[in-house]
Amino acid sequence: MARVIVDAQAARAIGKGAMIVFKKGVVRTEGEFNPGDVVEVYTRGGRFLGKGFVNPNSNIMIRLVTKDRETEVNKELFRERIRKANEYRKKVLGYDKAYRMVYGEADYLPGLIVDRFNEIASLQISSVGMERFKLDVAEAIMEAEPEIETVFEKNTGRSRRREGLPEVERVLLGKEKYRTVIEEGKARFIVDMRGQKTGFFLDQRENRIALEKYVKPGMRVLDVFTYTGGFAIHAAVAGADEVVAVDKSPWAINMVKENARLNGVEDRMKYIVGSAFPVMEEMIKRGEKFDVVILDPPAFVQHEKDLKRGLRAYFNVNYAGLQLVKEGGILVTASCSQHVDLGAFKDMVIAAAAKAGKFLKLLEPYRTQAPDHPILMASKDTEYLKALFLYVEDMK
């Protein structure tokens, strides 16, 4: 088996529990290998660190699978890990019908994401090595959770392209099924496999449910970057008089309309198809105000080199959002950019508030992704979502 020798910094990170090695941490390679092969990883001094998938064409050159020399990287290993990951969600966390079943490195299954929506599982692979085991993974998902009838391959997006993998969207195994309805708190949602990512953003689940306690009858709510209406529907179900849902995708807004009808709240919903910044700027010009404003944008920072520009985009959207919150209103703001840590996110929001002439009080503990997206303590890459619930007052 080919070997990859890593530097001291990469070795220390692996020793603390990290499961990936960036290309800059590789000192040299020994032996022949192809992208997706399993290689052994060693220190300069010859100490064994683990085995993993290699891809010299990717910035993440090694994705570790095991730190045990004797463990074979094969379909039996993946079957067992998928079973354990599913058991953790059900027995420890208490999730039942809709949850993230597998979360990549946090479940020691690098490059694999699996979301379960009732009888449908949505699978995303972002590793050349894991791609080789795709059908084995699909079979293991159905073995681990017998109620699953369909494994949908949702293999699209930047992560696939970065690995040099083709984009594929289809039923991989089981029945031809694309839609189901899930329950979340007091709300219900249609999940359509032909949407973004794995079909529905489960990571904000607890944050959406937390919103319900702050929304009261008589309130006006704005949900920007609504996608299929996650926060918007919860606000309407909780009793808001009017909820304005904004998204640039006509497909997404049509899904919000379907979800509104499903929950019987269509009479209290308004819909805007348009880009967030010009829509909010027009609202500010008209002097519009809302009791609650929710900002849940896509990742503005895809790479570390984009951090400064991405933080400026977050600043602009939060500055606009704060101008639309009534005195004594609530701002719910989030970032799913892995490269923006909580400290940087807080500093950005504070700066936006200062420019808008607002004081902010923290309503909730700092919130992150739902626990079925587990954070591996030694792996910064597994912690990405930040969400703040803020009480907004005018500076006087």
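Sequence order sets the numbering: in each chain, residues are counted from 1 along the sequence as written. Whole-chain, interface and lining totals are the exception, using all residues; otherwise, since this is a predicted model, local features are given only for residues with pLDDT of at least 70 and side-chain atom pairs are given and counted only at 80 or more. To obtain the side-chain values, all non-hydrogen atoms of the structure were used and water was disregarded.

J.: Please clarify how the overall build of the protein chain should be interpreted in this entry.
T.: Along its length, the protein chain carries 11 helices and 20 strands. For 396 residues, the compact-globule formula gives about 21 Å, and the C-alpha radius of gyration of the protein chain, at 22 Å, lands near that figure. By principal-axis analysis of the C-alpha atoms, the protein chain measures approximately 65 × 45 × 35 Å. Burial status follows relative accessibility: with a 1.4 Å probe on protein chains alone, a residue under 20% of its type maximum counts as buried, one over 50% as exposed, and anything between as partly exposed. Expressed as a percentage of the 396 residues in the protein chain, the buried residues total 56%. The long-range fraction of contacts in the protein chain, counting pairs at least 24 apart against all pairs at least 6 apart in sequence, stands at 64%. Each charge class in the protein chain was averaged separately, 64 positive and 57 negative side chains, and the resulting centres sit 4 Å apart. Helix and strand labels come from DSSP, where a helix needs a run of H or I of at least four residues and a strand needs a run of E of at least two; each type is numbered from the N terminus. Atoms counted for the radius of gyration: C-alpha only. Globule rule: 2.2 Å times the number of residues to the power 0.38. In what follows, a contact means two residues having at least one pair of non-hydrogen atoms within 4.5 Å. By the counting rule applied here, Lys and Arg register as positive and Asp and Glu as negative, while His and the ends of each chain are not counted. Where a charge sits is defined by one atom per residue type, namely NZ (Lys), CZ (Arg), CG (Asp) or CD (Glu).

J.: It is not clear to me how the packing of aromatic side chains should be interpreted in this structure. Could you clarify?
T.: Within a pair of aromatic rings, the relevant descriptors are the distance that separates the centres and the angle that separates the planes. When two rings of Phe, Tyr or Trp (its six-membered ring) have centres within 6.5 Å they constitute a pair, described as stacked for plane angles under 30 degrees, edge-to-face for angles over 60, and tilted for the intermediate range. A full pass over the atoms with the stated rule returns 15 aromatic pairs. Here Tyr-314 and Phe-345 contribute two aromatic rings whose centre-to-centre distance is 6.3 Å and whose plane-to-plane angle is 85 degrees, an arrangement assigned as edge-to-face. With Tyr-314 in helix H10 (residues 307-323) and Phe-345 in helix H11 (residues 342-356), the pair connects residues that are 31 residues apart, well separated along the chain. As far as burial versus exposure is concerned, Tyr-314 and Phe-345 are alike and both buried.

J.: Would you mind going over the packing of helix H2 (residues 75-92) against helix H4 (residues 134-144) with me for this structure?
T.: The description of two packed helices rests on the angle between their axes and on the distance between the axes. Viewed as axis vectors pointing N to C, H2 and H4 meet at an angle of 40 degrees, and their least axial separation amounts to 9 Å. Between H2 and H4, the interaxial angle falls into the category oblique. As for the relative orientation of H2 and H4, their crossing is right-handed in sense. Residue-level contacts link Lys-75, Arg-79, Ile-82, Arg-83 and Asn-86 of H2 to Asp-136, Val-137, Glu-139, Ala-140, Ile-141, Glu-143 and Ala-144 of H4. Charged residues are taken to be Asp, Glu, Lys and Arg, nonpolar residues to be Ala, Val, Leu, Ile, Met, Phe, Trp, Tyr, Cys and Pro, and polar residues to be all remaining types, Gly included. Its residues assigned to classes, the contact of H2 with H4 comprises 5 nonpolar, 1 polar and 6 charged. Throughout, an axis means a line fitted to C-alpha atoms (over the contacting stretch in the case of helices), and angles, computed between N-to-C directions, take values from 0 to 180 degrees. Just so you know how the angles are binned, under 35 degrees is roughly parallel, over 145 roughly antiparallel, 65 to 115 roughly perpendicular, and the rest oblique. Here a crossing is taken to be left-handed if its near helix is turned anticlockwise relative to the far helix by less than a right angle, and right-handed if that turn runs clockwise.

J.: Sorry if this is basic, but what is going on with the UniProt feature "domain: PUA" (unreviewed entry) in the protein chain here?
T.: UniProt positions are given in the numbering used here, feature names are shortened, and annotations may be inferred rather than shown by experiment. With numbering aligned to this structure, UniProt lists the feature "domain: PUA" (unreviewed entry) at residues 2-87. In this annotation, residues 2-87 is assigned 26% helix and 36% strand; the end-to-end C-alpha distance for the span is 34 Å.

J.: What is the right way to look at the sheet that holds strand E20 (residues 386-394) in this model?
T.: Either a parallel or an antiparallel arrangement is found when strands of a sheet pair, and the pairing is made through backbone hydrogen bonds. Strand pairing is assigned whenever DSSP identifies at least 2 bridges connecting the two strands. The sheet built from 7 strands is open, its strands ordered E16-E15-E14-E17-E18-E20-E19 with mixed pairing. Single-partner strands in this sheet number two, and they are strand E16 (269-273) and strand E19 (358-362). Going across the sheet, the axis of each strand differs from the next one's by a mean of 20 degrees, ignoring polarity. Pairing of strand E14 (residues 220-224) with strand E15 (residues 242-247) involves 5 bridges; the strand directions are parallel. If you follow Val-224 over to E15, its bridge partner there is Val-246. Where helix H7 (residues 230-237) meets the sheet, its contacts fall on E14, E15, E16, strand E17 (290-295) and strand E18 (325-335), and the angle it forms with E15 comes to roughly 175 degrees. Strand contacts of helix H9 (residues 276-285): E14, E15, E16 and E17, with the helix running at about 155 degrees to E14, the strand carrying the most contacts.

J.: Hey, could you run me through the packing of H9 against H10 in this one?
T.: Two elements in contact, H9 and H10, have axes whose closest approach is 9 Å; the angle formed by their N-to-C orientations is 30 degrees. With respect to H10, the axis of H9 lies roughly parallel. Between H9 and H10 lies a crossing whose hand is left-handed. Residues Phe-277, Met-280 and Ile-284 of H9 form the contact with H10, whose own contacting residues are Ala-313, Asn-316, Val-317, Ala-320, Gly-321 and Gln-323. Across the contact of H9 with H10, the residue classes break down as 6 nonpolar, 3 polar and no charged.

J.: Sorry, what's going on with the environment of Gly-264 here?
T.: Relative to the elements of secondary structure, Gly-264 occurs in the loop between helix H8 (250-263) and E16. On the accessibility criterion, Gly-264 (47% relative accessible area) is partly exposed.

J.: I tried to follow the domain arrangement of the protein chain on my own but got confused; where do I start?
T.: Frequently, the measure chosen for interface size is the accessible area removed from exposure when the parts meet. Each domain's extent is set by a domain assignment, obtained either automatically or from a database. The assigned domain composition of the protein chain is domain 1 (3-66), domain 2 (75-177) and domain 3 (192-394). Distance between the C-alpha centres of domain 1 and domain 3: 38 Å.

J.: Sorry, what's going on with the nonpolar core here?
T.: Nonpolar side chains in soluble globular proteins tend to end up buried together. Formed by 37 residues in total, the largest nonpolar core has its most connected members in Leu-211, Val-221, Val-243 and Met-269. In terms of residue count, the dominant contributor to this core is H7 (5 residues). Residue contributions to this core reach at least three from each of two domains, namely domain 2 (75-177) and domain 3 (192-394). Among the nonpolar cores identified, the runner-up in size contains 31 residues, and Met-283, Phe-315, Val-317 and Leu-322 belong to it. Residue types Ala, Val, Leu, Ile, Met, Phe, Trp, Tyr and Cys, when buried and joined through side-chain atoms within 4.5 Å, form a set referred to as a nonpolar core.

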